[in-house]
Amino acid sequence: MVTGVSRDAGARCARRLADDPSIGTVLGVDVVPPRAELGRVRFVRADIRNPVIAKVIAAEGVDTVVHTGVVATPGSAGGRSSMKEINVIGTMQLLAACQKAPGVAKLVVKSSTTVYGAGPRDPAMFTEEMAPRAIHQTGLSKDAVEVEGYVRGFARRRPDVCVTTLRMANWIGPKTDSPITRYFGMPVVPTVFGYDARLQFLHEDDGIDAIRHATANELPGTFNLAGDGVLVLSQAIRRLGRPVVRLPSFTASSTAAVVRRARLADFSPDQITFLTYGRAVDTTRMRTVFGFEPEYTTAAAFDDFRASLTPGLTGRATGLLSLGLGALRG
Amino acid sequence: MADADIIPIGSGGRPGRGNRRTTPSAAARALAGPAAKPPKKPKKKPTVADEPVTELPVTELPAENFAEPAAGEVRGEQESDTSDARTTDRPADVGGFDFVGLERAVRELFGAEGERRVAEWLAFLRRRLSGGYEVDEFGYDSDLTDQVLLPLLRPLAEKWFRVEVRGVENIPDTGSALIVANHSGTMPLDGLITQLIVADHTGRPLRTLAADLVFRTPFVGELARKGGATLAGNDDAERLLRQGNLVGVWPEGFKGLGKPFAERYKLQRFGRGGFVSAAMRTGVPIVPCSIVGAEEIYPLVGNLASLARLVGVPYIPVTPFFPLLGPLGMVPLPSKWLIEFGEPIRTDDFPDGAADDPMLVFNVTDQVRETIQQTLYTLLVQRRSVFF
């Protein structure tokens, strides 16, 4: 059973799982019907915030639950309070239902590296054991921490269930529609003056592959998932060839509000701190324990995403410069 | 009727029934042959205006119509393949500039050697503009550091402070080492100069460990990360050492940096000895480094403590010149610097778990501290005067 299939990531995960011959039936669950084609996936309209979900699990004899229903954007969920309800209450109900269902043998939770927060006291790379250093957490970051707390509680209460938590870096790719892809899609990209965040990305195909990998194998534990290498925010924007406005940090929240009102991108305060200080995670355990090798590095994933955008203004200046260089070298 | 727009029908005079403004239909192109080129672009505006227009028709047409690809199609493909197409060689006239003339002009102005330098500089500029450089996981930007940051520091070290270096052979050529030095001078210039000295004498970058205040401060934090600094903490230190880097640490921290001028060259407490446990866990040698001269660049005679608390910094210095002369007071005094690297202290022959033995860690910390202190006294005796 896959939750959150009305959104793109969930739908693609469900489709990918349905294509796997070793997996029998794939059940997609969400409140609203999915916009995307689901293929062999059977869609069940149910709300994970409602105890009815327990009946669905029992009636269908679900043995594996893949929870991708954590919403990152308050806009798409209809506001911050609604987003929090879907994320936190939804996870609570889902886990409560799983706990009562003896047939459930595996739980895969799509979490995010936002659980580590972002701040000036952060180590260069977070490993799975590290706790967040930044105190003020809001939005998705706070939700993700709470969701993981409930998942840990569930793992304690049902030690027979194989629980895999995947802390994924920001998904990026031509098909992903997230605050981060919207942000890079803006014609002029605002950044925080005087800071340059380190970013890591995970290509959308790798993200889906990782969820399939976790579903098909017995890999209990928490794992960081990210593409190799790091891009600095200014470097990423330069690769896009887009002009930058560097705004002082005290204007960041008002800028975010303007951007949100213009429906260009949806920023929450934790994304602003992320774009200020950045965050990188250690993916050693992804290779050694989880046994997963992402196909794209951070830079390659970003390049793939860039190819789907129209090149920006400064990219053309660079083009001219490289021509001049070619001429000088003969 | 006089102001009626003329709406062109067809492809603007070229044969065929193409209904698009710039590209005729596939049938029309087959008729016209390969000579059907898109209209010449205006000067100085390469590939901007007509790019989306040329791309669109190409994607619309079914593939089997391209028996004979027209110029427009080739261009469209090049443009959609963004950066690669830009960086690979294209005919020199595409940009609209006369690049052959540019080459000749540069050669006449700067000579053959100068031309190479201009080309290198242009290549650097292109890398910076297009983002085609590599940054490691700590945010260290070797390209920027080697090309801009260190060259900016070099005159300061060589001409202003006239740094004299001893014992460079104590820094290992390969493998990691932890360079531990005394901190002084109100502003962490000694860290920057040491980084330059190590880079120039060993050809290896020195990765420094800095306080979190650095990363909280705008610009400073950004430049520090790009210059190879990371947060002073066991996680980052051990990670850097495991990767085989030269790591520089100033364990006195702000206590050493902001001590009054009267206490110059008296080492402060060496923190909690975290650097020793990091070195022990990774088994890398500790190279003590004594820096003489940095104490005199900004003689700290006072501290605006309450203002500092208000701003949230450890101290706001008062030097004989600083608030008095304004920005001019921020020019460091040209003291003569001596930097000596001492003999490495091995940490790999301690038993397992030694890093968790506080007594042992404190002993090694004291040993390092004593070595640096003694070397400082020796160097001070050797120095003839503060400024020469």
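Residues numbered from 1 in each chain as written. Chains lettered and ligands numbered in written order. Predicted model: local features only at pLDDT ≥ 70, side-chain atom pairs only at ≥ 80, totals over all residues.

The next point concerns the overall build of chain B. Helix and strand content of chain B: 15 helices and nine strands. Residues classed as buried in chain B amount to 37% of the 388 residues present. Residue pairs in contact within chain B that sit at least 24 positions apart in sequence constitute 69% of those at least 6 positions apart. (Helix = DSSP H or I, 4+ residues; strand = E, 2+ residues; numbered from the N terminus. Buried ≥ 20, exposed ≤ 12 C-beta atoms within 10 Å, placed from the backbone. Contact = placed C-beta atoms within 7 Å.)

Before going further, it helps to spend a moment on the overall build of chain A. Along chain A, the regular secondary structure elements total 13 helices and 13 strands. In terms of C-alpha radius of gyration, chain A reaches 20 Å, essentially the compact-globule figure of 20 Å for 330 residues. Seen through its principal axes, chain A has C-alpha atoms that stretch 70 × 45 × 35 Å. The buried share of chain A, taken over its 330 residues, is 54%. (Rg over C-alpha atoms; globule rule 2.2 N^0.38 Å.)

Here the focus is the nonpolar core. In this structure, A:Val2, A:Ala14, A:Cys98, B:Leu178 and B:Ile179 are the most contacted members of the largest nonpolar core, which totals 156 residues. Looking at this core, the element that brings in the most residues is helix H7 (residues 189-202) of chain B, giving seven residues. (Core = buried A, V, L, I, M, F, W, Y, C linked by C-beta atoms within 7 Å.)

Residues and elements named next belong to chain B. Taken in spatial order, the seven strands line up as S1-S9-S6-S2-S5-S3-S4 in an open sheet, and their pairing is mixed. Two strands in the sheet have a free side with no partner beyond their single neighbour: strand S1 (164-166) and strand S4 (230-231). When strand S3 (residues 206-210) meets strand S5 (residues 246-249), the two strands line up parallel, connected through three bridges. Its bridge partner lying in S5, Leu206 is registered against Leu246. Contacts from H7 reach S1, strand S2 (177-181), S3, S5, strand S6 (286-292) and strand S9 (338-341), with the element oriented near 165° to S3. Together, S2, S6 and S9 form the strand contacts of helix H15 (residues 358-382), whose direction differs from that of S6 by roughly 35°. (Pairing = 2+ DSSP bridges. Axes fitted to C-alpha atoms, helices over the stretch in contact; angles between N-to-C directions.)

Attention now moves to the sheet that holds strand S1 (residues 2-3) of chain A. Spatially, seven strands are ordered S3-S2-S1-S4-S5-S6-S11 (chain A) in an open sheet, and the strand pairing comes out parallel. In the strand order of this sheet, the two ends are held by strand S3 (42-45) and strand S11 (221-225) of chain A, each with one partner.

It is worth spelling out the environment of B:Pro260 at this point. By secondary structure assignment, the location of B:Pro260 is in the loop between helix H11 (254-257) and helix H12 (274-282). On a C-alpha basis, the gap between B:Pro260 and B:Val318 in space is 9.8 Å, while along the polypeptide they are 58 residues apart.

Before going further, it helps to examine the packing of helix H6 (residues 142-160) of chain B against H7(B). Residue and element names in this part refer to chain B. The contact between H6 and H7 brings their axes to 10 Å, and the two run at 100°. When the interaxial angle is binned, H6 and H7 end up roughly perpendicular. Here Leu150, Leu153, Arg154 and Ala157 of H6 lie close against H7, whose contacting residues are Leu192, Ile193, Leu196, Ile197 and Ala199. Of the residues contributing to the contact of H6 with H7, the split by class is eight nonpolar, no polar and one charged. (Parallel < 35°, antiparallel > 145°, perpendicular 65-115°, else oblique. Nonpolar A, V, L, I, M, F, W, Y, C, P; charged D, E, K, R; others polar.)

It is worth spelling out unusual backbone geometry at this point. Residues and elements named next belong to chain B. One non-glycine residue, Arg162, lies in positive phi territory at about 45°. Mapping Arg162 onto the fold places it in the loop between H6 and S1. A count of 15 C-beta atoms within 10 Å places Arg162 in the partly exposed class. Here the phi dihedral of Tyr265 falls at roughly 65°; this positive angle occurs in a residue that is not glycine. If you trace the backbone, Tyr265 turns up in the loop between H11 and H12.

What follows is about the UniProt feature "domain: Phospholipid/glycerol acyltransferase" (unreviewed entry) in chain B. Mapped onto this structure's residue numbering, the UniProt feature "domain: Phospholipid/glycerol acyltransferase" (unreviewed entry) falls at residues 177-294 of chain B. Taken as a whole, residues 177-294 of chain B contains 41% helix and 19% strand, while its terminal C-alpha atoms sit 23 Å from one another. (UniProt positions renumbered as here; feature names shortened; annotations may be inferred.)

This part takes up the confidence of the model for chain B. For chain B, per-residue confidence averages 79 on the pLDDT scale, and 74% of positions sit at 70 or higher. Taken together, the chains of this predicted complex give a pTM of 0.77 and an interface ipTM of 0.84. (pLDDT = per-residue confidence, 0-100.)

A few words on the packing of helix H2 (residues 52-60) of chain A against helix H4 (residues 80-100) of chain A. Residues and elements named next belong to chain A. Between H2 and H4, whose axes approach to 8 Å, the crossing angle comes to 40°. Judged on the interaxial angle alone, H4 and H2 are oblique. Handedness of the crossing formed by H2 with H4: right-handed. Where H2 approaches H4, its residues Ile53, Ala54 and Ile57 are matched on the opposing element by Gln93, Leu94, Ala97, Cys98 and Lys100. Split by residue class, the contact of H2 with H4 holds six nonpolar, one polar and one charged. (Left-handed = near helix turned anticlockwise from the far one by under 90°.)

Successive side chains on a regular strand alternate, one facing one side of the sheet and the next facing the other. Residue and element names in this part refer to chain B. Where burial is concerned, most of S3 is hidden: five out of the five residues are buried. Burial along S3 is two-sided: Leu206, Thr208 and Ala210 and Arg207 and Leu209, pointing in opposite directions, are all buried. Judged from the two bridges that link them, S3 and S4 form a sheet pairing that is parallel. The residue of S4 that forms the bridge with Ala210 is Leu231.

For an α-helix the count is 3.6 residues per turn, leaving residues at separations of three or four pointing the same way. Three or more residues of helix H12 (residues 298-307) of chain A are buried, namely A:Thr298, A:Ala299, A:Ala301, A:Phe302, A:Phe305 and A:Arg306. Along the axis of H12(A), the buried positions cluster into a sector of 160°, meaning they face one direction only. (Arc of directions from axis to C-beta.)

Quick look at H7(B) now. All names here are of chain B. Taking 1.5 Å of rise per residue, 14 residues should cover 20 Å, and H7 covers 20 Å from first to last C-alpha, within 8% of that figure. Burial analysis of H7 places 11 of its 14 residues in the buried class, which makes it a mostly covered element. Of all the residues in H7, the buried ones are Leu189, Asp190, Gly191, Leu192, Ile193, Thr194, Gln195, Leu196, Ile197, Val198 and Ala199. Gly203 occupies a position one or two residues after H7 and carries a positive phi of about 75°. (Expected span 1.5 Å × (residues − 1).)

Time to look at the pairing of S9(B). All names here are of chain B. Where burial is concerned, the two faces of S9 agree: the one with Leu338 and Glu340 and the one with Ile339 and Phe341 are both buried. Relative to S9, S1 runs parallel, the two being bridged by three bridges. Residue Arg166 lies in a different strand from S9, and its bridge partner there is Glu340. Of the pairings in the sheet, the one linking S6 to S9 comprises four bridges and is antiparallel in character. Considered in S9, the bridge of Ser290 is made with Glu340.

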